[in-house]
Amino acid sequence: MLRQQVLTTQTTSTNEKEGANIQRRTFVGGALAALFLSSPLSSQSVKAEEWNGEPVHDPFILLLNGVYQPVPAGQGPENNLGLSTVNLSDGSYSKTRIYPVFGIPESEDQDRSIGTFYVQIAGNLCAYHLPGGALAMTFADVPAGAPPGFNGFVPFSDGARGNYLEGTFELAIQEATGIYQDFQGGHNHMVDRLHQLADTSFNEFCFCNISQYPFP
């Protein structure tokens, strides 16, 4: 069920790594790169719906949910979603689906995908293709002295030769188009529970709280 709360349970085992803090782009980048080279996944054809005229709330909340799939070089979205701070066709991105939670057009149907999330497999850039526009963002670095799970992952065994990777992430909104223009310069707070499956694929479950307020 898409609206289940993230981090409500934690899987423990003798292999649990207490206190480990893994930067998102380092861990996921290497693993997704290996997956891309060894066993490309089938194509995913999720397109953002046309905007129906509803206003965007500040903040609004999205859910990223689904197995990541690589975006081959030259096969990114048409016109790069109108963004200039990312290149979604350079072969460095993977994608998954976006679902509405609150304050976004089409949010009355939370079980239907409304767009596509793109993230670099070995970098710090990402983009959201949404009804009525798009956003490009940058993941913040892990600050010195940060606790485990802040801008990084803490892994927990899933008991089935995989891991749950849990953490929060802060992102700066570098570019915003269409009905999201007022969010440029704003902030995205992610609460992530990424499931690394035994076959090395990644199933995302991540809430994104996107606001016009810039992160200090």
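Up top you'll find the structure we're talking about.
Rules behind the numbers
- Within any chain, residue numbers begin from 1 and follow the written order of that chain's sequence.
- Totals for whole chains, interfaces and linings use all residues, but because this is a predicted model, local features are given only for residues with pLDDT of at least 70 and pairs of side-chain atoms are given and counted only at 80 or more.
- Side-chain calculation: all heavy atoms of the structure are included, whereas hydrogens and water are not.
- Pairing of aromatic side chains requires ring centres within 6.5 Å, counting the rings of Phe and Tyr and the six-membered ring of Trp. Pairs whose planes differ by under 30 degrees are stacked, by over 60 edge-to-face, and all others tilted.
- Helix and strand assignments come from DSSP, with helices taken as H or I runs of at least 4 residues and strands as E runs of at least 2, each series counted from the N terminus.
- The cut-offs for exposure are 20% and 50% of the maximum accessible area for each residue type, with area from a 1.4 Å probe on protein chains only; residues under the lower value are buried, those over the upper are exposed, and the others partly exposed.
- Paired strands, as defined in this entry, are two strands with at least two bridges between them according to DSSP.
- Identification of polar contacts relies on pairs of N or O atoms within 3.5 Å, with a donor-acceptor requirement for protein atoms, meaning one able to donate a hydrogen and the other able to accept it, and with residues adjacent in sequence counted only if both atoms are side-chain atoms.
- Salt-bridge detection follows one rule: a side-chain nitrogen of Lys or Arg within 4 Å of a carboxyl oxygen of Asp or Glu.
- Think of a nonpolar core as a cluster: buried Ala, Val, Leu, Ile, Met, Phe, Trp, Tyr and Cys residues, connected wherever their side-chain atoms sit within 4.5 Å.

Caption draft 1: Representation of the packing of aromatic side chains. Per the stated rule, a full pass over the model turns up six aromatic pairs. On the basis of an interplanar angle of 90 degrees and a centroid distance of 6.1 Å, the ring pair of Phe139 and Phe169 is categorised as edge-to-face. Taken together, the positions of Phe139 in strand β5 (residues 133–139) and Phe169 in strand β7 (residues 163–176) put the pair 30 residues apart, joining distant regions of the chain. Phe139 sits in the buried class, given a relative accessible area of 7%. Look at Phe169 and you get buried, because its relative accessible area is 2%. When the centroid spacing of 5.0 Å and the interplanar angle of 70 degrees are considered together, the rings of Phe153 and Phe169 count as edge-to-face. Taken as a pair, Phe153 in the loop between β5 and β6 (154–157) and Phe169 in strand β7 lie far apart in primary sequence, 16 residues in all.

Caption draft 2: Geometry of the pairing of strand β2 (residues 93–102). Counted residue by residue, β2 has seven buried out of ten residues, so it is predominantly covered. For strand β1 (residues 60–70) and β2, the ladder comprises seven bridges, and the chain directions are antiparallel. Of the residues in β2, the one forming a bridge with Leu64 is Ile98. With six bridges connecting them, β2 and strand β3 (residues 115–120) associate as antiparallel partners. Directly across from Tyr93, in β3, lies its bridge partner Gln120.

Caption draft 3: Spotlight on the environment of Gln184. Relative to the helices and strands, Gln184 resides in the loop between β7 and β8 (187–196). Gln184 sits 47 residues away from Met137 along the chain, and the two C-alpha atoms are 9.3 Å apart. Reaching out from Gln184, the side chain makes a polar contact with the backbone nitrogen of Ala176 at a distance of 3.1 Å.

Caption draft 4: Quick peek at the pattern of salt bridges. Taken as a whole and assessed by the stated rule, the structure comprises two salt bridges. The shortest N-O distance in the salt bridge between Arg112 and Asp109 comes to 3.4 Å. Taking relative accessible area as the criterion, Arg112 reaches 27% and is therefore assigned partly exposed. Glu166 serves as the salt-bridge partner of Arg193, at 2.8 Å between the closest nitrogen and oxygen. Separated by 27 residues along the polypeptide, Arg193 in strand β8 and Glu166 in strand β7 bring together distant segments of the chain.

Caption draft 5: Highlighting the nonpolar core. Among the nonpolar cores identified, the biggest contains 29 residues, and Leu62, Phe117, Tyr128, Leu130, Leu135, Met190 and Ile210 are the most heavily contacted of them. At the level of secondary structure, the elements contributing two or more residues to this core comprise β1, β3, β4 (125–130), β5, β7, β8 and β9 (202–211). Here this core takes five residues from β7, the largest share from any one element. In terms of nonpolar packing, the next biggest core, distinct from the first, is built from eleven residues, Leu81, Ala127, Ala134 and Ala136 among them.

Caption draft 6: Expanded view of the environment of Arg193. When its relative accessible area of 15% is taken as the criterion, Arg193 is described as buried. Sequence-wise, Arg193 and Gly167 are 26 residues apart; in three dimensions their C-alpha atoms are separated by 6.9 Å. At 2.8 Å, the side chain of Arg193 and the side chain of Glu166 are in polar contact.

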